[in-house]
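The residues making up each chain are set out below.
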Amino acid sequence: MTKLASSSIPTGTGAPQYQITIFTNRIKHLTSHLKEHKKDNSSKRGLIKLVSKRHKMLRYLKRTNLALYQNTCKELGIRK
């Protein structure tokens, strides 16, 4: 998980930046699983749902706190 310098930002697991981090780790795990098991359609469906959830959470974070959005994307390396 990432550490935040500001104390005004919620640090619980419900905070968007932490949920995005958890989604990213699960996406990486499922991606590596699907490289070995190419015909695992149920895992592929789960991966697509996770990517969609992360995308929605990123849109929310961008709309509410642009600086935190940019920091989160930079730390996770998910946007350019």
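Heads up: the structure comes first, above all this text.
A few points on the structure.

What counts as what
Residues numbered from 1 in each chain as written. Predicted model: local features only at pLDDT ≥ 70, side-chain atom pairs only at ≥ 80, totals over all residues. Heavy atoms only, no water. Helix = DSSP H or I, 4+ residues; strand = E, 2+ residues; numbered from the N terminus. Contact = heavy atoms within 4.5 Å. Areas by Shrake-Rupley, 256 points an atom, 1.4 Å probe, with all protein chains shown as cover. Buried < 20%, exposed > 50% of the residue type's maximum accessible area, 1.4 Å probe, protein only. Polar contact = N/O pair within 3.5 Å; in protein donor to acceptor, adjacent residues only side chain to side chain.

**A word on the overall build of the chain**
Helix and strand content of the chain: 3 helices and 0 strands. Along the chain direction, N to C, the helices and strands of the chain fall in the order α-α-α. Across the chain, the fraction of contacts at a sequence separation of at least 24, relative to all contacts at a separation of at least 6, is 44%. Carbon and sulfur atoms provide 54% of the accessible area of the chain, an area that totals close to 5,900 Å².

**Quick notes on the environment of I20**
Examined against the element boundaries, I20 turns out to sit in helix α1 (residues 16-36). Taking the C-alpha atoms as reference points, I20 and M57, separated by 37 residues in sequence, lie 6.8 Å from one another. Not counting the four nearest positions on each side in its chain, I20 is found in contact with R54, M57, L58, L61, T72, L76 and I78.

**A closer look at the side chain of T72**
Turning to its location among the elements, T72 is positioned in helix α3 (residues 66-76). Looking at T72, the relative accessible area reads 6%, which means it is buried. Engagement of the side chain of T72 in a polar contact is seen with the backbone oxygen of L68, the distance being 2.7 Å. Residues contacting T72, with those up to four places away along its chain left out, are Q17, I20 and L61.

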